[in-house]
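Residue-level structure breakdown
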Amino acid sequence: MSNDVFATGQEVKPEVRTGYIAGETFDAKLVRYSVVGDLAIFEGDIILGTVEEVERFTKLVDEKDIARFDPTAESGEIKPEGVVIPGSRFRWRDGVVPFQIDPNLPAAQATAANNAVTHWRNNTRLNLVQRNAANAAQFPDFIEFVRGDGCSSPVGRQGGRQTLNLAAGCGTTQAIHEMGHAVGLWHEQSREDRDSFVTINWQNIQDGREHNFNQHISDGDDVGPYDYASLMHYDRCAFSDDCPAGQSCNCTRETITPTQAGAVIGTGTGLSAGDRHAVRYMYSNIEPALTNTYVGNFSGGGKVELLYYLRSRMTWYHGTWNSGNLLWSQVGDTSGFGQIGDGCPFWVGDFNADGKAEVLFYYPGDGNWWLGRLVSGQLQWSLICNTRGQIAGDPNFGQVWDGRPFWVGSFSQTGRSEILFYYPGDDNWWLGSWNGARLAWSLAGNTAGFGHGINDGRPFWIGDFNGDGRDDVLFYFPGDGNWWLGAHNGGTLQWSFVSNTSGAQRPPPPFPAQCQGLLNELNDLQAQIAALQAELSTAGPTEKPAIVRQIRALQSQANTVQQNLNTCIAQNTPPQPPPWPNFGQIWDGRPFWIGRFSRADRAEVLFYNPGDGNWQLGSYNGSELRWSFAGNTEGFGHGINDGRPFWIGDFNGDGRDDVLFYFPGDGNWWLGVHNGSQLQWSCVSNTEGFGHGINDGRPFWIGRFSRADKAQVLFYFSGDGFCWLATHNGSQLAWTYEATFEF
């Protein structure tokens, strides 16, 4: 963009002054600014505040050598204040940007303002909401498009009313540009790295306008690569002394020359891809993430789909695969609920057993539970329960979102998801199951026998560990090394001791029922022998020989019965498992995963020990959790548990789960497949072409997205808005560009 403030044809040379501004990343910064009316204007179109505010703050800095004062505060209290620096307080909350248009704004500029609003709505995830009398109290911070002396705006949210000035001559492009400042964008040529991409021809700049070419090293964040196409970029002739003061022209003396031959700057009419990237970066809290994008078979088509909640607009989008492409459709909004992306818990599962996944959420504010189902392309919500006793027949648990644990699984029956929670206050477990009309709660057991506070940080895992088609609860207690399995028997959770990993003594095997008769016979003979021995101690000399003969006869019989009993026990006692392993304290930060690694009929527990590089697999055999050595990855270097990401899924389509991990150090992806005895590792991809550090916080999802026979890896990069899908082709992960998260 050119010198926007004076893009009105006015032949004026504004007064230039020097003053201090303050911000979050610096105490005080001395800047030069232009006086335009009562405003202090920086870089041609950025409002620092009123001249009075800047001068008052400058006086405070000069007199007190303190740079953190609010120039609008009469008392001079210390308070962070600044309009040109990064920081969350300069962002519009939840990406909602309220605005209003001054009714006195000329028609041409009002049209430009409306066009700019439409452009920002269509090209970003921000929600520009028109402020009116009905919602004014809801939006105390807002932008007002007003008539001014030029095209100008502050940078970022200021608090309260802030003006976006549009003078005669400020059209749609200028209004879009000024909106860029209002949401938090600097001029592109102000970047710290700009000298590598453009040359500033200081000798060609109009006298007194040099400050418009300052860089923002301490008070701005460079986002992404330098963008010549940015709408926030000056053109080649901005403030050229070849042009009349206050105007741009086709100059011969350029003020900015790109270092890249043929690069075009400052001629855009809308947001560039780089501009949109910067906005996504600033408002990352509304970008697709694990906290707002859910995976499940929502439409019942047999594949995993995406459901994304855009909190700025309170709208839901459904992503499905069609002929290899990710297609998005808006499926509803929850504005009637208010902002549900405020920490309400969400769960995904087939709660009503209709063969499709649903979204369940609980609102702590009123205790209501809502179920969202995709019906005819729209997300339909129904109130299914209240756990504060507000609906007849529902329990009054009080506030259940208080830190107690919740789990989702098919605990009491197959084919439908249920929700299970534990309350440390009384050690009760409650199960919520859909009964065809509502979420019905039943007492699922009590674990007071384990001691109060079972929710003390010990780990819990959910899976079908016993292979009965229903989910179980498995937990480990670091205090004694014991493992307990809770299986629902149709009424309550039944708990059984299944393992110890601290080397505790294994309990003796149970006595075989088949040998009980021999044991009874032996006990009877031993009782007779004991009675005769007592009689012998008091018998006379003539009686003792006969008693001794009886004792010896009974002892002979007892010996025979003992031999038969030993044989019976040996024949009817199964071979005893080896002693329990002595792993020591395993809840020490090492990673655990649940999956069907070595067999397809039940879930197993896999863990890795960074101390020796060993992997151990725990599989339930019907009576206990048996542990086996599953491999060693010392060849990858100790400390594979260093923060690199791991995912579990049936990536190769063999019906069993595999372990996939990525190492940011070299960009390699490794797949671990259990061959029946241990994990076999192979390098299946390298994504160095995506840039090192793909594990930079971008979200990853695992599911059978475009095909039903194997798990795939999907990730989204907010830097370009693209989705990439990885599918194992038998030897390697093949990556395909799917689509964007743009709607």
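Below is a short write-up of the structure. Quick caveat, the model's predicted, so the values are computed rather than measured.

Turning our eyes to something else, we now look at the overall build of the protein chain. Each helix and strand in the protein chain was counted, giving six helices and 38 strands. Overall, the C-alpha framework of the protein chain stretches about 145 × 60 × 60 Å when taken along its three principal axes. The proportion of buried residues among the 743 residues of the protein chain is 51%. When the accessible area of the protein chain is evaluated, it comes to approximately 31300 Å², of which 48% is carbon and sulfur surface. Where the 51 positive side-chain charges of the protein chain centre and where its 80 negative ones centre are 4 Å apart.

Such a bond, covalent and formed between the sulfur atoms of two cysteines, is termed a disulfide. In this structure the tally under the stated criterion is four disulfides. In this model Cys 151 forms its disulfide with Cys 170; the gap between the sulfur atoms is 1.9 Å. Handedness of the Cys 151-Cys 170 disulfide follows from its S-S torsion of about -95°: it is left-handed. With Cys 151 in the loop between strand 7 (142–146) and strand 8 (161–165) and Cys 170 in the loop between strand 8 and helix 3 (172–183), this residue pair connects regions lying 19 residues apart in the sequence. Of the two residues, Cys 151 and Cys 170, both sit in the buried class. Taking only the cysteines that form disulfides and numbering them from first to last, the protein chain has the pattern 1-2, 3-6, 4-5, 7-8. Unpaired in terms of disulfides, Cys 385 finds its nearest cysteine sulfur in Cys 344, a separation of 15 Å.

Time to look at the sheet that holds strand 18 (residues 378–386). Strand order in the open sheet formed by four strands is 15-16-17-18, with antiparallel pairing between adjacent strands. Every interior strand has two partners, whereas the edge strands, strand 15 (346–349) and strand 18, have only one. Averaged over all pairs of adjacent strands, the angle between their axes in this sheet comes to 25°, without regard to strand direction.

Taking 1.5 Å per residue, 12 residues should reach 16 Å; helix 3 reaches 17 Å between its end C-alpha atoms and fits that length. Within helix 3, 11 of the 12 residues are buried, leaving the element largely enclosed by the surrounding structure. When we look at burial in helix 3, the residues that qualify are Thr 173, Gln 174, Ala 175, Ile 176, His 177, Glu 178, Met 179, Gly 180, His 181, Ala 182 and Val 183.

Bringing the packing of aromatic side chains into the picture now. Scanning the entire structure with this criterion turns up 76 aromatic pairs. Note on Phe 450 and Phe 475: the rings are 5.4 Å apart at their centroids and 90° apart in plane angle, and the pair reads as edge-to-face. Separated by 25 residues along the polypeptide, Phe 450 in the loop between strand 22 (439–446) and strand 23 (460–463) and Phe 475 in strand 24 (residues 472–477) bring together distant segments of the chain. Taking the relative accessible area as the measure of exposure, Phe 450 reaches 26% and is therefore partly exposed. Judged by centre distance (5.1 Å) and plane angle (45°), the rings of Tyr 662 and Trp 669 are tilted. The exposure classification of Tyr 662 matches that of Trp 669, with both residues buried. Clustering of aromatic rings is evident, with ring pairs tying together Trp 407, Tyr 422, Trp 429, Phe 450, Phe 460, Phe 475, Trp 484, Trp 495, Phe 497 and Trp 580. A cation over an aromatic ring shows up here: Arg 131 above the ring of Phe 142, its NZ or CZ 3.8 Å from the ring centre.

Once that is clear, we can look at the environment of Phe 57. Among the structural elements, Phe 57 can be located in helix 1 (residues 51–64). In this structure the C-alpha to C-alpha distance between Phe 57 and Tyr 20, which are 37 residues apart in sequence, comes to 6.8 Å.

Their axes nearest at 8 Å, the elements helix 2 (residues 107–123) and helix 3 cross at an angle of 55°. Compared by their axis directions, helix 2 and helix 3 come out oblique. Helix-helix and strand crossings are classified by hand; for helix 2 and helix 3 the assignment is right-handed. Every residue of helix 3 that contacts helix 2 at Ala 112, Ala 113, Asn 115, Ala 116, His 119 and Trp 120 is listed here: Thr 172, Ala 175, Ile 176, Met 179, Gly 180 and Val 183. Tallied by class, the residues present in the contact of helix 2 with helix 3 amount to eight nonpolar, four polar and no charged.

What follows deals with empty space enclosed by the protein. Empty space among the atoms can be located by rolling a probe the size of a water molecule over them. Inspection of the entire model under this criterion finds two cavities of 30 Å³ or more. Reported here for the second largest cavity is a volume of approximately 60 Å³. Around the second largest cavity sit Asn 123, Thr 124, Arg 125, Arg 276, Val 279, Arg 280, Tyr 283, Ile 286, Glu 287 and Glu 742, which together line it. In the lining of the second largest cavity, the residues fall into three nonpolar, two polar and five charged.

Following both chains from N to C, one finds helix 5 (residues 516–536) and helix 6 (residues 544–572) inclined at 160°, their axes separated by 9 Å at the closest point. Relative to helix 6, the element helix 5 lies roughly antiparallel. As for how helix 5 packs across helix 6, the hand of that crossing is left-handed. Looking at the contact of helix 5 with helix 6, its residues break down into 15 nonpolar, seven polar and three charged.

About the criteria used
- Each residue is numbered by its place in its chain's sequence as written, counting from 1.
- Where local features are concerned, this predicted model is filtered to residues with pLDDT of at least 70; where side-chain atom pairs are given and counted, the filter is 80 or more; whole-chain, interface and lining totals use all residues.
- Computation of side-chain values covers all heavy atoms of the structure but excludes hydrogens and water.
- In DSSP terms, a helix is any run of H or I states spanning at least four residues, a strand is any run of E spanning at least two, and both are numbered starting from the N terminus.
- Residue burial is assigned from relative accessible area. The probe radius is 1.4 Å, only protein chains are included, and a residue is buried under 20% of its type maximum, exposed over 50%, and partly exposed in between.
- Shrake-Rupley sampling with a 1.4 Å probe provides the accessible areas, and residues are treated as covered by the protein chains on show and by no other component.
- None of His or the chain ends enter the tally, which takes Lys and Arg as positive and Asp and Glu as negative.
- By convention, the charge on Lys lies at NZ, on Arg at CZ, on Asp at CG and on Glu at CD.
- Any pair of cysteine sulfurs within 2.5 Å is marked as a disulfide.
- When DSSP finds two or more bridges between two strands, those strands count as paired.
- Simply put, an axis is a line fit to the C-alpha atoms, just over the touching stretch for a helix, and the angle between two N-to-C directions goes from 0 to 180 degrees.
- Given the number of residues in a helix, its expected span is that number minus one, multiplied by 1.5 Å.
- Ring pairs shown here join Phe, Tyr and Trp side chains whose ring centres sit within 6.5 Å, with only the six-membered ring taken for Trp; geometry is labelled stacked below 30 degrees between planes, edge-to-face above 60, and tilted in between.
- A ring has a charge above it when a Lys NZ or an Arg CZ is no more than 6 Å from the ring centre and no more than 35 degrees off the ring normal.
- Our angle categories are set so that under 35 degrees counts as roughly parallel, over 145 as roughly antiparallel, 65 to 115 as roughly perpendicular, and the remainder as oblique.
- For any pair of crossing helices, the crossing counts as left-handed if the nearer helix is rotated counterclockwise from the farther one by less than a right angle, and right-handed if it is rotated clockwise.
- The contact criterion used is simple: two residues touch if any of their non-hydrogen atoms lie within 4.5 Å.
- Amino acid classes used here: Ala, Val, Leu, Ile, Met, Phe, Trp, Tyr, Cys and Pro are nonpolar; Asp, Glu, Lys and Arg are charged; the rest, including Gly, are polar.
- Grid points spaced at 1 Å and placed over the protein atoms alone form the basis of the search, with a cavity being a set where a 1.4 Å probe fits but cannot get out and a pocket an open set showing protein on both sides within 12 Å along at least five of seven lines. Lining residues have an atom within 4 Å of a point.
- Grid points are joined across faces, edges and corners, and a volume is the space filled by probe spheres set on the points.

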